[in-house]
Amino acid sequence: MIKITFPDGRVNEYEKGITGLEIAQKINQKLGKESLGIVVNGETRDLTRPIDTDATVKLLLWDDDEGKKVMWHSSAHLMAEALEELYPGVKFGIGPPVANGYYYDIDLGDHEITASELAMIEKMMLDLARKDEKFVRKEVSKVAAIDYFTKKGDEYKLELLQLHLLQLFLTVVAICFFM
């Protein structure tokens, strides 16, 4: 059993591996439907990730700024999936939540999206959302990620991964240098 501490100081015990969604549903079904994410020991997470240790948690709703960010992050992924359906070969940069929504840097080659295509993209996003498929977080090694995006031909994601590796290398070098 693990101990989960809520913002009001209440502590409940749950089976190790419980998810934020399961916690929300155990509190009440409405909360289970309205929760968008969870903060576990200060880390914002999706609702399906297991909690394996004692933790302090806060369920995130639309009224929470962090809840909006979770929703917009998921929406950016949904938009990316819609764009891949409609524009095979589209390449992606970053797609973060911002103050009042989200965006995604995309490269469609010579194609420019017209105003009329925006409605088509929105419809595809709604169609995909109605399928009610779950977002699944899959952690992979950087080597596996580089392999995936190399095979996919998405040089922008590769560039981001390589910049991250360079940043990590420079941090390690800096730490070693200053020791």
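Whatever comes next refers back to the structure up there.
Please read these numbers as outputs of a predicted model, since none were measured by experiment.

Participant: Help me out: how do you make sense of the overall build of the protein in this one?
Facilitator: Tallying secondary structure elements over the protein gives 6 helices and 11 strands in all. In terms of overall dimensions, the protein has C-alpha extents of about 55 × 55 × 30 Å along its principal axes. Taking all 179 residues of the protein together, the buried fraction comes to 30%. Put simply, of all contacts in the protein between residues at least 6 apart along the chain, 49% involve residues at least 24 apart. Here the protein carries 22 positive and 30 negative side-chain charges, and the mean point of each set is 5 Å from the other.

Participant: It is not clear to me how the pairing of strand β4 (residues 37-40) should be interpreted in this structure. Could you clarify?
Facilitator: Regular strands place their side chains on alternate faces of the sheet. On β4, burial covers both faces: G37 and V39 on one face and I38 and V40 on the other are all buried. Here 4 bridges tie β4 to strand β7 (residues 55-60), and the two strands are oriented antiparallel to one another. Residue pairing across strands places I38 opposite L59, the latter belonging to β7. Examined bridge by bridge, β4 and strand β5 (residues 43-45) share 3 bridges and lie antiparallel to one another. Within the sheet, the bridge partner assigned to V40 lies in β5 and is E43. Joining the antiparallel neighbours β4 and β5 is a turn of 2 residues, in which N41 adopts a positive phi near 50°.

Participant: Just checking my understanding: could you explain the side chain of S35 for this structure?
Facilitator: As for its position among the elements, S35 is in the loop between α2 (29-34) and β4. Within the structure, S35 has its side chain in polar contact with the backbone oxygen of L31 (distance 2.7 Å). When sequence neighbours within four positions are dropped, the list of residues in contact with S35 reads A24, L47, L59, L60 and L61.

Participant: Looking at this structure, I do not really get helix α3 (residues 65-86). What am I missing?
Facilitator: Residues that lie three or four places apart on an α-helix share one face, since the helix turns once every 3.6 residues. Between its first and last C-alpha, α3 extends 31 Å over 22 residues, near the 32 Å set by a 1.5 Å rise per residue. For α3, the complete set of buried residues consists of G67, V70, W72, S75, A76, L78, M79, A80, A82 and L83.

Participant: In this structure, what is going on with the packing of aromatic side chains? I would like to understand it.
Facilitator: A ring pair, where both rings are aromatic, is described by two values, the distance of the centres and the angle of the planes. By the definition in use, this model includes 3 aromatic pairs. A ring pair is formed by Y148 and F149, whose centres lie 4.9 Å apart and whose planes are at 80°; its orientation type is edge-to-face. Residue classification places F149 among the buried positions, given a relative accessible area of 18%. Its end group placed over the ring of F6, R10 keeps NZ or CZ at 4.3 Å from the ring centre. Over the aromatic face of W62 sits the side chain of K68, whose NZ or CZ is 5.1 Å from the ring centroid.

Participant: I'm lost on unusual backbone geometry in this one. Help?
Facilitator: One can expect most non-glycine residues to show negative phi and most peptide bonds to be in trans. The phi torsion at N41 lies on the positive side, around 50°, for a residue other than glycine. Of note, N41 is situated in the loop between β4 and β5. Judged by its relative accessible area of 49%, N41 falls in the partly exposed class.

Participant: Just to check I follow, could you spell out the environment of P50 for this structure?
Facilitator: Looking at the element boundaries, P50 is found in strand β6 (residues 50-51). With sequence-adjacent residues up to four places away left out, P50 is seen in contact with G17, I18, T19 and R45.

The rules behind each value
Residues numbered from 1 in each chain as written. Predicted model: local features only at pLDDT ≥ 70, side-chain atom pairs only at ≥ 80, totals over all residues. Heavy atoms only, no water. Helix = DSSP H or I, 4+ residues; strand = E, 2+ residues; numbered from the N terminus. Buried < 20%, exposed > 50% of the residue type's maximum accessible area, 1.4 Å probe, protein only. Contact = heavy atoms within 4.5 Å. Lys, Arg positive; Asp, Glu negative; His and termini not counted. Charge placed at Lys NZ, Arg CZ, Asp CG, Glu CD. Pairing = 2+ DSSP bridges. Polar contact = N/O pair within 3.5 Å; in protein donor to acceptor, adjacent residues only side chain to side chain. Expected span 1.5 Å × (residues − 1). Phe/Tyr/Trp six-rings, centres within 6.5 Å; stacked < 30°, edge-to-face > 60°. Lys NZ or Arg CZ within 6 Å of the ring centre and 35° of its normal.

Honestly, it's all geometry; don't read function into it.
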